[in-house]
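Take a look at the letters that make up each chain.
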Amino acid sequence: MSADTPQFSPAARPARRSRGKHKMITILVTISRRELYVFLALVVLVIVGVWTYRSLFASTDIEIVDPLAGNIFPSEIISTAASGETLIKPVDTLYVGNPNSLIGIRLRSRRRNTRVRVEVEQTPFFSRSVSEFVLPRAATLYTVYPDIVWNYQALRANVQATPLSVVISVSVNGQNKQEAVRTFSVRSINECLLGYFQYDASGHKRSFVNTRQLFAGYVNEDNPKIDKVLREALSARTVNRFMGYQADSAGVERQVYALWNVLQRRGFKYSSISQSSLSSNVVYSQRVRTFDDALASVQINCVDGSVLFASLLRAIDIDPILVRLPGHMFVGYYTDRHHRHAQYLEMTMIGDVNLDDYFPDQQLDSTMQHLTQSQVSRMTFDKSKEYAWQNMASHTRQLKAQSVGYMYLPVTDNVRRRIQPIGR
């Protein structure tokens, strides 16, 4: 072999093969990356296409929702209609419209400034209405509250729970009109909403919303039948006139007693009927007779008697106080215009009662047998104040804290601006 002949060692051949394999792998990786980029681009195009289609053409699921588990309370609607007070909180999403409408539509917006048109069909309790909204955010869950044009007379006349089918049509961005139907229960005008549990959009319980101030709606100082009651009280000559806080505290007490005496003369009886047909672990209510109902039936329970007497007090310009304990209610009143002092009355004692049931150690019933009607009336009035004060003393801490089941509600002008009388 000549010196010019190239020399190849055995180790050189594997090195060449290694470089060839590395080049092949590089080519394959380059091709794989290119395919991956193409694949990812296709995925992005598909996602954009689906989003565009859903935003512009696909239908949006809608659901009729409300915060009271399918219950509509006429007393709440009527008592807050004029003031616009929002006692029922909106459901736990972004919302547009007026939450006092109570009936809402839950849907997800498609894009920014999604346009929504809502048509609510007529029922016996409200007229047909059309509302339009703009949802500012894209791909966001909203609750839309359309205008509900309530028939207040029909609500006021409803005296027992009535099923109501609500039909609502929704179009989004002028297309894809959809319809939803839900059956509600329109409660009796005599049912006062005490409160309800609030849930979030996923159905989890959050907190209890107290609405016991709606008892003020049953205090109706404007009822035209009050004038007749006041004339009867004046005819009994217990007082010469009703002048409210123009009198001193002793004069206020005489006016309050005159009201107590006239109701006793009318023969009012205590009745424990207070149950509601509502069965729910979300919403809680209390049956209350309206002023007209109580006068017509001459029957009152602790709640009926308290709101009836509070109505009479408001009518003569004395500010009443509704005091609620668990399972019981009584009425109070301020004895001066500055609200420095108050007295309280146990209204269950206004009828033909045995005082020994209230004061077992005093043996009052036998004493009453020798008294005149006027003397009995005065005794029950004084004992009513005594018994109510005992209740106040036993529950002062809970009443100050407004604990669950307790309420201390002065029905003043400020409260009246927020909660109007429901009438009847």
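Our structure is the block above this text.
Below, the structure is looked at part by part. (Residues numbered from 1 in each chain as written. Predicted model: local features only at pLDDT ≥ 70, side-chain atom pairs only at ≥ 80, totals over all residues. Heavy atoms only, no water.)

## Quick notes on the sheet that holds strand β8 (residues 141-145)
Right, so step 1: What the four strands build is an open sheet, ordered β1-β4-β8-β3; its pairing is mixed. The outermost strands of the open sheet, each flanked by one partner alone, are β1 (63-65) and β3 (94-97). Sheet twist, expressed as the mean angle between neighbouring strand axes with direction ignored, is 30°.
Right, so step 2: Across three bridges, the pairing between β1 and strand β4 (residues 104-108) is antiparallel. Paired with E63 across the two strands is R106, which belongs to β4. (Pairing = 2+ DSSP bridges. Helix = DSSP H or I, 4+ residues; strand = E, 2+ residues; numbered from the N terminus. Axes fitted to C-alpha atoms, helices over the stretch in contact; angles between N-to-C directions.)

## A short note on unusual backbone geometry
Right, so step 1: Although it is not a glycine, A139 sits at a positive phi angle of roughly 50°.
Right, so step 2: Non-glycine residue Q402 carries a positive phi angle of around 50°.
Right, so step 3: Tracing the sequence through the fold places Q402 in the loop between α10 (396-401) and β20 (407-410).
Right, so step 4: We classify Q402 as partly exposed; its relative accessible area is 36%. (Buried < 20%, exposed > 50% of the residue type's maximum accessible area, 1.4 Å probe, protein only.)

## With respect to the environment of K89
Right, so step 1: Summarising the element assignment, K89 is placed in the loop between α2 (74-81) and β3.
Right, so step 2: Sequence separation of K89 and L68 is 21 residues, and the distance between their C-alpha atoms is 9.9 Å.
Right, so step 3: With sequence-adjacent residues up to four places away left out, K89 is seen in contact with P67, Y196, Q198 and V209. (Contact = heavy atoms within 4.5 Å.)

So yeah, pure geometry; function would need other evidence.
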